[in-house]
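Geometric and topological summary
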Amino acid sequence: MTEMTIPVNALRAALTHAADKDVRYYLVGVYVDTSRGKIVATDGHRLFICDGPRADCAPFILPRADAERVLKTLPSEYGRGKPMGCAELPVTVQATDGKAWVTIEGVGGAKFTFPAVDGTFPDYARVIPQTVRDASFSVLDWEYTHAACEAIAIYRDVPKSKTKVCQVGIWTAGDSVALVTDGQPGAMALIMPQRCDVKGPQSFADALAWAHA
């Protein structure tokens, strides 16, 4: 049996980028990469990554439904921006009959035990660029962009009433992923580029010509 802790804010932020429903069932959950000390979630279009526990056990995937069930049972003081919004939840992982069973301790003696997702999470490190490329024209889904900013605000435990004062930087590089960060260590988001009817720099040139006409 291996013991560790997972911050409430990290779990809540990661769930914003986990898939809701997908034939790739291993994406419908939150990946706890105990070997790299990271918590990761992606639906194939965007990805969120933040600091997580390092532990002497194999990485595992928390099922989305079970993770949400744990969060829903927490008292209001564990909510976003509240006094316990960044509290650490005790977690144990135990291998039994070839399966990884996860137990998360809630509040008031509550314990939730469930099997980890039986699947292999994608090698997310391959998606993350090694260096920052020269900026160039990109097309990004506005909902994904908003979700990336929201996930970082949730991870920082910023109340919804104060998100308007939050700032993030977005770096795009053509057909590479866009990087979203608030400049602080511990978390970032990535957004996959899209194809659409906006035809590169010429679209902006046409818009400028119209504006000045």
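What comes next is a walk through the structure. (Residues numbered from 1 in each chain as written. Predicted model: local features only at pLDDT ≥ 70, side-chain atom pairs only at ≥ 80, totals over all residues. Heavy atoms only, no water.)

Some thoughts on the nonpolar core
Worth spelling out the cut-off: Nonpolar cores were defined as sets of buried Ala, Val, Leu, Ile, Met, Phe, Trp, Tyr and Cys residues, with membership established by side-chain atoms within 4.5 Å. Buried residues are those whose accessible area, probed at 1.4 Å on protein chains only, stays under 20% of the maximum for their type, while exposed residues exceed 50% and partly exposed ones sit between those limits.
Of all hydrophobic cores here, the largest spans 44 residues; its most connected members are Phe48, Phe60, Leu62, Val102 and Ile104. Grouped together as the second largest cluster of nonpolar side chains are 15 residues, Val40, Ile49, Ile61 and Tyr124 included.

Examining the pattern of salt bridges
Going by this rule: Here, a salt bridge means any side-chain nitrogen of Lys or Arg that lies within 4 Å of a carboxyl oxygen of Asp or Glu. Helix and strand assignments come from DSSP, with helices taken as H or I runs of at least 4 residues and strands as E runs of at least 2, each series counted from the N terminus.
Following the criterion strictly, the structure yields nine salt bridges and no others. Linking Arg36 and Asp123 is a salt bridge whose minimum nitrogen-to-oxygen distance equals 4.0 Å. Remark: Asp123 occurs in the loop between strand 8 (111–115) and helix 3 (142–155) and Arg36 occurs in the loop between strand 2 (29–33) and strand 3 (38–42); sequence separation between them is 87 residues. The shortest N-O distance in the salt bridge between Arg46 and Asp43 comes to 2.7 Å. Given a relative accessible area of 11%, Asp43 falls into the buried group. One salt-bridge network, in which partners are shared between bridges, spans Asp20, Arg64 and Glu68.

Some details on the packing of helix 1 (residues 8–15) against helix 2 (residues 64–72)
Cut-off, in case you're wondering: Comment: axis = line fitted to C-alpha atoms, over the contacting stretch for helices; angle = value between 0 and 180 degrees taken between N-to-C directions. Roughly parallel covers angles under 35 degrees, roughly antiparallel covers those over 145, roughly perpendicular covers 65 to 115, and oblique covers all other angles. Should the near helix be turned anticlockwise from the far one by less than a right angle, the crossing is termed left-handed; should it be turned clockwise, right-handed. Between two residues, a contact is recorded if the distance between any of their heavy atoms is within 4.5 Å. Put simply, Ala, Val, Leu, Ile, Met, Phe, Trp, Tyr, Cys and Pro go in the nonpolar bin, Asp, Glu, Lys and Arg in the charged bin, and everything else, Gly too, in the polar bin.
Two numbers describe how helix 1 lies on helix 2: the axes approach to 11 Å, and their chain directions differ by 135°. As judged from the angle between their axes, helix 1 and helix 2 are oblique. By crossing handedness, the relation of helix 1 to helix 2 is classed as left-handed. Together, Val8, Leu11, Arg12 and Leu15 of helix 1 and Arg64, Ala67, Glu68 and Leu71 of helix 2 make up the contact between the two elements. Of the residues contributing to the contact of helix 1 with helix 2, the split by class is five nonpolar, no polar and three charged.

Side note on the sheet that holds strand 10 (residues 178–181)
What counts, and what does not: At least two bridges found by DSSP between two strands is the condition for calling them paired.
Spatially, the seven strands line up as an open sheet ordered 5-2-3-4-11-10-9, and their pairing is antiparallel. Of all the strands in the sheet, just strand 5 (60–63) and strand 9 (169–171) have a single pairing partner and so form its edges. Along the sheet, successive strands turn relative to each other by an average axial angle of 20°, direction set aside. Two elements, strand 2 and strand 5, share four bridges in a ladder whose sense is antiparallel. Bridging from a neighbouring strand, Tyr31 pairs with Ile61 of strand 5.

Structural notes on helix 2
Within the span of helix 2, buried status applies to Arg64, Asp66, Ala67, Val70 and Leu71. Looking at the packing, one finds that the buried side of helix 2 touches helix 1, strand 2, strand 5, strand 6 (88–96), strand 7 (99–105) and strand 8.

Some remarks on the pairing of strand 7
Direction of pairing for strand 6 relative to strand 7: antiparallel, over a ladder of six bridges. Bridge pairing in strand 7 links Thr96 to Lys99. Hairpin remark: strand 6 followed by strand 7, antiparallel, with two residues in the connecting loop; positive phi at Asp97, about 55°. Pairing analysis gives five bridges linking strand 7 to strand 8, with the strands arranged antiparallel. In the sheet register, Thr103 faces strand 8, and the bridge partner there is Thr113. The loop that links strand 7 with its antiparallel partner strand 8 comprises five residues; one of these, Gly108, has a positive phi angle of about 70°.

Considering the environment of Gly186
Take Gly186: it is sitting in the loop between strand 10 and strand 11 (187–191). With 136 residues separating them along the chain, Gly186 and Cys50 place their C-alpha atoms 5.2 Å apart.

Focus: the sheet that holds strand 7
Sheet architecture is open: four strands sit in the order 1-6-7-8, paired in antiparallel fashion. Whereas interior strands pair on both sides, the edge strands pair on one side only; in this sheet they are strand 1 (2–7) and strand 8. Going across the sheet, the axis of each strand differs from the next one's by a mean of 25°, ignoring polarity. Sitting on the sheet, helix 1 is in contact with strand 1 and strand 6, with an inclination near 70° to strand 1. Each of strand 6, strand 7 and strand 8 is contacted by helix 2, which is oriented at about 175° to strand 8, the strand it contacts most.

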